[in-house]
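Results of the structural survey
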Amino acid sequence: MRLVGNHLHRLRELSRVVGPARALWIAPAWSVSRRYLVIARDLREAIDLPGPGPELRCTEANRDEAKKLTQLDPRLTRMELDRRFTEGQICHIWWVDERIVHLRWFTDRRAFLPFLGLTFRPQDGDYLLYEVFTRADRRVRGIHSLVAGASLRRARDLGYRRMVALCAWWNTPALKVGWKTGFRSVGTITAWQLGPNRLFTNSGEVSVRGTEMSVKGAVKGARHISSVERICP
Ligand SMILES: CC(C)(COP(=O)(O)OP(=O)(O)OC[C@H]1O[C@@H](n2cnc3c(N)ncnc32)[C@H](O)[C@@H]1OP(=O)(O)O)[C@@H](O)C(=O)NCCC(=O)NCCS
């Protein structure tokens, strides 16, 4: 049941972004060929972006808040949450009053990408923006855009040199915010589902070795961050 629910949720999300007519051909094509743009933001470049106002407040999520997170984003099962926390991923919750409006997941460690079936291996200095999510009834109000500036500055201040993210080719809102906050496309990765087999094709700076993917162009001299420093902006 949960599986069917997840599929329906994905179809609804797709339809919200591309409209119901395009969703009808993108959904079946997507089940065979999933192309993601890999985008990166050099954190050494100026980050001249507005930040969120005082009405938006950030906390770092912990496992005790699992129920709140799974209720907000139906794709987040308890198992998926556990995996992310066990991998050492950081989740920032953005609140308006007592209501969660936005989630952002980050990591500088290896992270499994279930939508591709590959593990992302960050280079030194890389910070992977693993996922962003705005509550459905708060979308297109600039939340992701405002919070993006704060996240980029925080990552730079912590010593990271590059923020990397993956975006489905059809995800216009996510890509729009990416371009306007200084990300550039550095390549693509496509997963082809051919019967029981999954094959990958990649382009640009994206490299795939076995079950791991990474983005070339390691930034020298970067450091890994201790957990104590992982604070909200
Ligand atoms: C992607 C997502 C996080 C964006 O959050 P948001 O808070 O609504 O983003 P913003 O309001 O800051 O900006 C959205 C931009 O996309 C535009 N946009 C929204 N829907 C659009 C559509 N269907 N077609 C074209 N542009 C669209 C908005 O106009 C806005 O652009 P602008 O700032 O130039 O006006 C949100 O749509 C979401 O949670 N989607 C589901 C999860 C997801 O897809 N995450 C990304 C992959 S990890």
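I will try to describe carefully the structure that is included in this document. (Residues numbered from 1 in each chain as written. Predicted model: local features only at pLDDT ≥ 70, side-chain atom pairs only at ≥ 80, totals over all residues.)

**Remarks on the overall build of the protein**
Spelled out, the test is: Secondary structure elements follow DSSP: runs of H or I of four or more residues count as helices, runs of E of two or more count as strands, with numbering from the N terminus. The globule rule used here is 2.2 Å times the number of residues to the 0.38 power, and the radius of gyration it is set against is calculated over C-alpha atoms. Working definition of a contact: two residues with C-beta atoms, positioned from the backbone, lying within 7 Å.
Looking only at helices and strands, the protein features six helices and 12 strands. Relative to its length of 233 residues, the protein is compact, with a C-alpha radius of gyration of 17 Å against a globular reference of 17 Å. For the protein, the share of sequence-separated contacts (at least 6 apart) that also reach a separation of at least 24 residues comes to 68%.

**Quick notes on the sheet that holds strand β3 (residues 90-96)**
The strands that make up a sheet are held in pairs by hydrogen bonds between backbone atoms, and each pair lies either parallel or antiparallel. Where we set the bar: Here a strand pair is declared whenever DSSP counts at least two bridges between the two strands. In this analysis an axis means a line fitted to C-alpha atoms, helices contributing only their contacting stretch, and an angle means the value between N-to-C directions, from 0 to 180 degrees.
Within the open sheet, the eight strands sit side by side as β2-β3-β4-β7-β8-β1-β9-β10. Their pairing is mixed. Looking along the sheet, the strands with just one partner apiece sit at the ends: β2 (56-60) and β10 (197-204). Taking each pair of neighbouring strands and ignoring which way they run, the sheet shows an average axis angle of 25°. Relative to strand β8 (residues 162-168), strand β7 (residues 126-134) runs parallel, the two being bridged by four bridges. Across the sheet, Asp126 pairs through a bridge with Arg162, a residue of β8. Sheet strands in contact with helix α5 (residues 143-157) are β1 (33-42), β2, β3, β4 (99-107), β7 and β8, and its direction is about 40° off that of β4.

**Quick notes on the pairing of β10**
Note: strand β9 (residues 184-194) against β10, eight bridges, orientation antiparallel. Of the residues in β10, the one forming a bridge with Ile189 is Asn202.

**A word on the site of the ligand**
Operational definition: Nearness is defined per residue: the C-beta atom, placed using the backbone, must lie within 6 Å of the molecule or strand. Just so you know the grouping, Ala, Val, Leu, Ile, Met, Phe, Trp, Tyr, Cys and Pro go in nonpolar, Asp, Glu, Lys and Arg go in charged, and all remaining residues, Gly too, go in polar.
The environment of the ligand is formed by 20 residues, the closest being Thr134, Arg139, His144, Ser145 and Pro173. Only α1 (2-18), β7, α5 and α6 (172-180) provide two or more residues apiece to the shell around the ligand. Here the shell around the ligand takes five residues from α6, the largest share from any one element. Taken together, the residues of the shell around the ligand break down into nine nonpolar, six polar and five charged.

**Re the nonpolar core**
Selection rule: Joined through C-beta atoms within 7 Å, a set of buried Ala, Val, Leu, Ile, Met, Phe, Trp, Tyr and Cys residues constitutes a nonpolar core. In this scheme every C-beta is placed from the backbone, and a residue whose C-beta has 20 or more other C-beta atoms within 10 Å is buried, one with 12 or fewer is exposed, and one in between is partly exposed.
By size, the foremost hydrophobic cluster in this structure holds 46 residues, and its most contacted members are Val38, Leu128, Leu129, Met163, Val164 and Ala165. Residues contacting Leu128, with those up to four places away along its chain left out, are Phe106, Thr107, Ala111, Phe120, Pro122 and Val164.

**As for the environment of Ile93**
Topologically, Ile93 is positioned in strand β3. What makes Ile93 buried here is the crowd of 20 C-beta atoms within 10 Å. For the pair Ile93 and Ala61, spaced 32 residues apart in sequence, the C-alpha to C-alpha distance is 6.2 Å. Sequence-distant contacts of Ile93, that is, excluding residues within four places in its chain, are made with Cys58, Thr59, Ala61, Ile100 and Leu103.

**Some details on unusual backbone geometry**
The backbone phi angle of Asp97 is positive, close to 55°, even though this residue is not glycine. Considering the arrangement of structural elements, one finds Asp97 in the loop between β3 and β4. On the neighbour-count criterion, Asp97 (7 C-beta atoms within 10 Å) is exposed. One non-glycine residue, Val140, lies in the positive phi region at around 55°. Positionally, Val140 belongs in the loop between β7 and α5.

**A word on the environment of Cys91**
Checked against the element boundaries, Cys91 lands in strand β3. Looking at Cys91, the number of C-beta atoms within 10 Å reads 22, which means it is buried. Taking the C-alpha atoms as reference, Cys91 lies 9.6 Å from Val132; in sequence the two are 41 residues apart. When residues no more than four places from it in sequence are discounted, the contact partners of Cys91 are Ala61, Leu103 and Trp105.

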